[in-house]
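Secondary and tertiary structure notes
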Amino acid sequence: MLQQAFNGLVSGAFYALLALGLAVIFGMLGVVNFAHGAFYMLGAFGSYVLLDSFGVNFWLALIAVPIVLGLVGIAVERLFIRRLAVLDPLYNFLFTFGLALILQDLVKREYGVQSQPYPRPSQLAGSIDLGLFSYPAYQVFVLAISVLVCVAVWVVLTRTRVGMIVRAATERPELTRALGIDVARWVTPVFGFGIALAGLAGVLAAPMRAVNPLMGGDLIITVFAVVVIGGLGSIFGSVAAGFGIGLISALGNLYVPALSQTLVFILMAVVLLWRPAGLFGREEAF
């Protein structure tokens, strides 16, 4: 049971990173970024292409790919998202949905639908003795990196002036504008940061999950459920729900395997009946 619970925390690490990016983007822009899963897929494929074509190892890809995808996200926001923001929110939803399909098809055209292999870094190839059981070192690394990133983001958001401005603009944009802060100035870097988190999750996923064009589409539906459970726009809620859902799903696979595919959505329905805004969703979410 403990080993399965640890599996759940590792899965929750990916949910948390993706949900954190989605929550920040939705909170500041009011955009349901359906392309988030596609950027997660590009993160995995970016690391694969760098290794296969240029011999760039995992450690460099872990830094380079999120930065490049963050810059791509900034360009997408400046060229498209910003122009559609003045219209009905449905337009940005349709745009990001279409962008996800375009990115998936471009990758499929180049690499097909077969999964591409990506080796684990040699430094993390073994196992770590956790006392009651041994666990692959790479999975422990993924969990540790995810926790460190989430804690670092929390510290920046709660302990720095820039973080407080971003948090205020994310959670109460109208009030923040009323206080004389230019919210639009922070929209572009925050969108790029959210995309970079998706790319980081993709690079971390490459050595342990199938690298294929559909990997983002398979995951993003669950991540949206995580964000809804945590509370739309709630940064803390999204991270907490990410790890919680990963843990619950893993234990559900162990004890009630018949509900393994639907357990997350059953939980989402129960939470929304109890708290329509999500567990941590409030008018001012955090």
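Fair warning: this is a prediction, and the values are worked out from it, not measured in the lab. (Residues numbered from 1 in each chain as written. Predicted model: local features only at pLDDT ≥ 70, side-chain atom pairs only at ≥ 80, totals over all residues. Heavy atoms only, no water.)

Counting its regular elements, the chain contains 11 helices and 2 strands. Secondary structure elements in the chain, listed N-terminal to C-terminal, are α-α-α-α-β-β-α-α-α-α-α-α-α. For the chain, whose C-alpha radius of gyration is 19 Å, the value lies close to the compact-globule estimate of 19 Å for 286 residues. Taken along the three principal axes of its C-alpha coordinates, the chain extends 55 × 45 × 35 Å. Every one of the 286 residues in the chain was classed for burial, and the buried ones make up 50%. Taking contacts inside the chain between residues at least 6 apart in sequence as the whole, the part at least 24 apart equals 79%. Accessible area for the chain stands at about 13,700 Å²; split by element, carbon and sulfur atoms hold 67% of it. (Helix = DSSP H or I, 4+ residues; strand = E, 2+ residues; numbered from the N terminus. Rg over C-alpha atoms; globule rule 2.2 N^0.38 Å. Buried < 20%, exposed > 50% of the residue type's maximum accessible area, 1.4 Å probe, protein only. Contact = heavy atoms within 4.5 Å. Areas by Shrake-Rupley, 256 points an atom, 1.4 Å probe, with all protein chains shown as cover.)

On to the packing of aromatic side chains. According to the stated counting rule, one finds 16 aromatic pairs in the structure shown. Of the aromatic side chains, those joined through ring pairs into one cluster are F34, F93, F97 and F224. (Phe/Tyr/Trp six-rings, centres within 6.5 Å; stacked < 30°, edge-to-face > 60°.)

With 23 residues, helix α4 (residues 89–111) should cover 33 Å at 1.5 Å per step; its first-to-last C-alpha distance of 33 Å lies within 8% of that length. If you check which residues of α4 are buried, you get N92, T96, L99, A100, L103, Q104 and V107. Looking at the packing, one finds that the buried side of α4 touches α2 (36–54), α3 (58–84) and α9 (215–230). Capping of α4 at its N-terminal end is provided by D88; its side-chain oxygen lies 2.8 Å from the backbone amide nitrogen of L90. Remark: G112 follows α4 within two positions and exhibits a positive phi of approximately 75°. (Expected span 1.5 Å × (residues − 1). Polar contact = N/O pair within 3.5 Å; in protein donor to acceptor, adjacent residues only side chain to side chain.)

Moving on, we come to the nonpolar core. Grouped together as the largest cluster of nonpolar side chains are 85 residues, with contacts concentrated most on M28, F39, F58, L204 and V223. Here the element with the most residues in this core is helix α1 (residues 2–29); it accounts for 15 residues. In this view, F39 contacts L69, V72, L99, L103, I195, A198 and G199; residues no more than four positions away in its chain are not counted. (Core = buried A, V, L, I, M, F, W, Y, C linked by side-chain atoms within 4.5 Å.)

This paragraph deals with the environment of R172. Along the polypeptide, R172 turns up in the loop between α6 (161–171) and α7 (173–178). For R172, a relative accessible area of 29% corresponds to the partly exposed category. Along the backbone, R172 and P121 are 51 residues apart, and their C-alpha atoms lie at a distance of 42 Å.

Right, let's talk about the pattern of salt bridges for a bit. With the rule as written, the count across this model stands at 2 salt bridges. Across the pair R82 and E77 runs a salt bridge, and its minimum N-O distance is 3.6 Å. Assessed through its relative accessible area of 36%, R82 is described here as partly exposed. The partner of D105 in a salt bridge is K108, and the shortest N-O contact between them spans 3.4 Å. Of the two residues, D105 and K108 both sit in helix α4, 3 residues apart, roughly one turn of that helix. Among the residues examined, D105 registers a relative accessible area of 45% and is labelled partly exposed. (Salt bridge = Lys/Arg side-chain N within 4 Å of Asp/Glu carboxyl O.)

A few words on the confidence of the model for the chain. Averaged over all residues, the pLDDT of the chain equals 89, while 98% of them reach at least 70. Mean pLDDT across the elements of the chain bottoms out in α6 (75) and peaks in α2 (96). (pLDDT = per-residue confidence, 0-100.)

Right, let's get into the packing of α1 against helix α8 (residues 183–205). α8 packs onto α1 with a crossing angle of 165° between their chain directions and a minimal axis gap of 9 Å. Looking at the two axes, α1 sits roughly antiparallel to α8. You can see that α1 and α8 cross each other, and the crossing is left-handed. Where α1 approaches α8, its residues F14, L17, L18, L20, G21, V24, I25, M28 and L29 are matched on the opposing element by W186, V187, V190, F191, G194, I195, L197, A198, A201, L204 and A205. Of the residues contributing to the contact of α1 with α8, the split by class is 18 nonpolar, 2 polar and no charged. (Axes fitted to C-alpha atoms, helices over the stretch in contact; angles between N-to-C directions. Parallel < 35°, antiparallel > 145°, perpendicular 65-115°, else oblique. Left-handed = near helix turned anticlockwise from the far one by under 90°. Nonpolar A, V, L, I, M, F, W, Y, C, P; charged D, E, K, R; others polar.)

The subject of this paragraph is a nonpolar patch on the surface. On the surface, a cluster of nonpolar side chains totalling about 890 Å² of accessible area is made up of M1, L2, L132, L254, Y255, V256, L259, I266 and V270. Elements represented by at least two residues in the nonpolar patch include exactly α10 (235–255) and α11 (263–274). Along the chain, the position of V270 falls in helix α11. (Patch = residues over 30% accessible without salt bridge, like charges linked within 9 Å, V, L, I, M, F, W, Y side chains within 5 Å.)

A separate point is the environment of Y118. Within the element layout of this structure, Y118 appears in the loop between α4 and β1 (127–129). Residue classification places Y118 among the buried residues on the basis of a relative accessible area of 7%. Residues Y118 and L51 lie 67 residues apart in sequence; the distance between their C-alpha atoms is 8.4 Å. Setting aside residues up to four positions removed in sequence, Y118 forms contacts with S47, Y48, L51, N57, F58, A206, P207 and V211.

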